[in-house]
Amino acid sequence: SGIAIVGAGMAGAAAASALMAGATKRAEAPTCLGSSSAPCVPSCWILEAGAMASCAPFTVNETEGERGWSSKFPPPGATGRCGRHMWPATDATDGRGEFEMNAVEEIRQYVRSRGLEACCLDFPGSIELAIDEEELELIRSGHGEFWDEEKVTEVLGCRPGSFRGGMFHAGGGKVSPLVLRDALLQDAIDRGARLLSSCVVERIEEKDDRVVLHTCMKTIEVEKVIVCSNAWIPQILSEYESIIRPTCDVVLMTRPLPPAWKFGFTAGDDQWYGMQMQDGRIFLGGASRECECLSLESERNVNEDASRQLRDFMSKFPFLSESDIEAEWTGLIAETPDLRPVVGAVPGRKRVWVCGGFSGHGMPVSCSLARETAEMALRGERRSDKKYVSCLDAARFHRSQNKLPPLHDPGRGEEEEEAREDAREEELEEDIDQLFRELGEKRGVALMDALKPRIEAPLPPLQPAVRGLCEMHQEGTKQG
């Protein structure tokens, strides 16, 4: 019984913390990390493919500022290998800016409640840097405090001419992600969640009223599954093979250095980024490229050309040298076509939800979106009714690209095929309802012609239902 969460990064930890908080404190406010207003869940498995130190009573390594990894080999996944920016978007489209500001405030409150401010979270601001005049014009059209080339050169200590100017944003911050992730995991474990590390999920199979997870360790049966493995989602859910694209950055970390920058920065339309953490180490990253082969080992292999490009960028800062580099690694980014996450129920599956594809912008939103996903799963909702989260519906690409999973798969049992057919019919009905809203005054043949691309796939059992819905819509329109 219960729910399994695949992935123990930031999103998986936040989902587990919300689930277990809902199981023990149903009355807590739903707008706080580590709490949930959703119904109780009896148990929670957290399955992580990578090796992890066990979540013993929570402590922080004051020297490194983060717990649980060697400086030479950060743990796999975006949480351990990211650029550490906590920079909420200001874009007001679909309520995104408001959602992200609230999401960051949730993290602030949680960090404060755990007494982790000194080692985990800081908001000294962030700056967008322009490498050329075209980018400068784009940056100047936005909001913030404009810095000219002279001020950027002076404050960053870079070579003259490296950047044409920049826009400073006071709301930008930086986070020690493993400290935050470990605190959330510890909350979940203290409330009864079970963590299995080095546990690779090989296949997810739905059977009647349960889900079977086939792993390298054991077979686990649960009521529902939430997949929070970000770039690894397509390896578990084939539905996302053409939707979530793993890309790789190179990130380098210096030895502890004297204070240089209080704030973080991006440059070259977010191609490059950097910041100095509380312990004095500077992180620089960039040179994104598509991953040729995704594996746990591939994150240790650094592309030579990308590494050379990153060092060329580092040369813009005379106070940094090769001798300062303490570690270098590959960092994974999970990109979607519109660079927004996928959140909600997986099309064609009744008991599987997904939260991932953060496209390099996971730190501000992953915790809140994971909590939203956990509450959707607990309530059995396929998508959120909240404005911005509903725009991240996990089925949006499947509907627009007609990539709903096939009904008939010889490798699946009859019961699972039946369940997938029911789920597919439900998704199709939702799709048609949306089309009705879009098509407005179309009637009869014109309406069927507009629907044809959606139904001419091999779905003979569903076509009568589709036509019936069309007739009902026509009749309802006449009577109305």
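Calculation notes
Residues numbered from 1 in each chain as written. Predicted model: local features only at pLDDT ≥ 70, side-chain atom pairs only at ≥ 80, totals over all residues. Heavy atoms only, no water. Helix = DSSP H or I, 4+ residues; strand = E, 2+ residues; numbered from the N terminus. Buried < 20%, exposed > 50% of the residue type's maximum accessible area, 1.4 Å probe, protein only. Contact = heavy atoms within 4.5 Å. Areas by Shrake-Rupley, 256 points an atom, 1.4 Å probe, with all protein chains shown as cover. Arc of directions from axis to C-beta. Phe/Tyr/Trp six-rings, centres within 6.5 Å; stacked < 30°, edge-to-face > 60°. Lys NZ or Arg CZ within 6 Å of the ring centre and 35° of its normal. Salt bridge = Lys/Arg side-chain N within 4 Å of Asp/Glu carboxyl O. pLDDT = per-residue confidence, 0-100.

### Re the overall build of the protein
- Counting its secondary structure elements, the protein contains 15 helices and 20 strands.
- Looking at the 480 residues of the protein, the share that counts as buried comes to 55%.
- Expressed as a percentage of contacts within the protein between residues at least 6 apart in sequence, the contacts between residues at least 24 apart total 72%.
- Total accessible area on the protein stands at roughly 20,500 Å², and carbon and sulfur atoms take up 49% of it.

### With respect to helix α6 (residues 149-156)
- Of all the residues in α6, the buried ones are Val-152, Thr-153 and Leu-156. For α6, the arc enclosing every buried residue in end-on projection is 100°, short of the 170-degree limit, so these residues lie on one face. Those residues of α6 that are exposed and angled more than 90 degrees off the buried face are Glu-150 and Glu-154.
- Looking at the buried side of α6, the elements it contacts are β5 (126-130), β6 (145-148), β7 (165-169) and β15 (264-267).
- Looking one or two residues beyond α6, the residue adopting positive phi is Gly-157, at roughly 70°.

### Looking at the packing of aromatic side chains
- A complete count under the given rule lists 15 aromatic pairs for this structure.
- Look at Phe-168 and Phe-263: their rings are 6.0 Å apart centre to centre, the planes differ by 80°, and that puts the pair in the edge-to-face class. Of this pair, Phe-168 sits in strand β7 while Phe-263 sits in the loop between β14 (245-254) and β15; the two residues are 95 residues apart in sequence, bridging distant segments of the chain.
- A residue is classified by how much of its surface remains accessible, and Phe-263, at 7% relative accessible area, is buried.
- Geometrically, the ring pair formed by Phe-265 and Phe-313 is tilted, given 6.3 Å between the ring centres and 40° between the ring planes. Taken as a pair, Phe-265 in strand β15 and Phe-313 in helix α9 (residues 304-314) lie far apart in primary sequence, 48 residues in all. With respect to class, Phe-265 is no different from Phe-313; both count as buried.
- Three or more aromatic residues link up through ring pairs in this structure, and these residues are Phe-163, Trp-261, Phe-265, Trp-272, Phe-313, Phe-317 and Phe-319.
- The ring of Phe-123 has Arg-108 lying over it, and the distance from NZ or CZ to the ring centre is 3.8 Å.
- When the ring centre of Phe-146 is taken as reference, the NZ or CZ atom of Arg-140 above it lies at 4.2 Å.

### Section: the environment of Gly-144
- Considering the arrangement of structural elements, one finds Gly-144 in the loop between α5 (133-140) and β6.
- The exposure class assigned to Gly-144 is exposed, which follows from its relative accessible area of 54%.
- The spatial distance from the C-alpha of Gly-144 to the C-alpha of Gly-166 is 9.5 Å, given a sequence separation of 22 residues.
- For Gly-144, the contacting residues outside a window of four places in its chain are Met-167 and Phe-168.

### Observations concerning the pattern of salt bridges
- Counted by the stated rule, this structure contains 26 salt bridges.
- Between Arg-96 and Glu-100 there is a salt bridge whose closest N-O contact spans 2.9 Å. Here Arg-96 and its partner Glu-100 are both found in helix α3 (residues 96-113), four residues apart, which amounts to about one turn of the helix. The exposure classification of Arg-96 matches that of Glu-100, with both residues buried.
- As a salt-bridge pair, Asp-182 and Arg-181 come within 2.6 Å of each other at their nearest N and O atoms.
- Overall, the relative accessible area of 3% leaves Asp-182 in the buried class.

### Here's the deal with the confidence of the model for the protein
- When the pLDDT values of the protein are averaged, the result is 79; 71% of them are 70 or greater.
- Note on residues 35-41: pLDDT is under 50 here. Beyond four places in sequence and across chains, it has 38 contacts.
- In this model, residues 441-445 is a region of pLDDT below 50 whose contacts with residues beyond four sequence positions or in other chains number five contacts.

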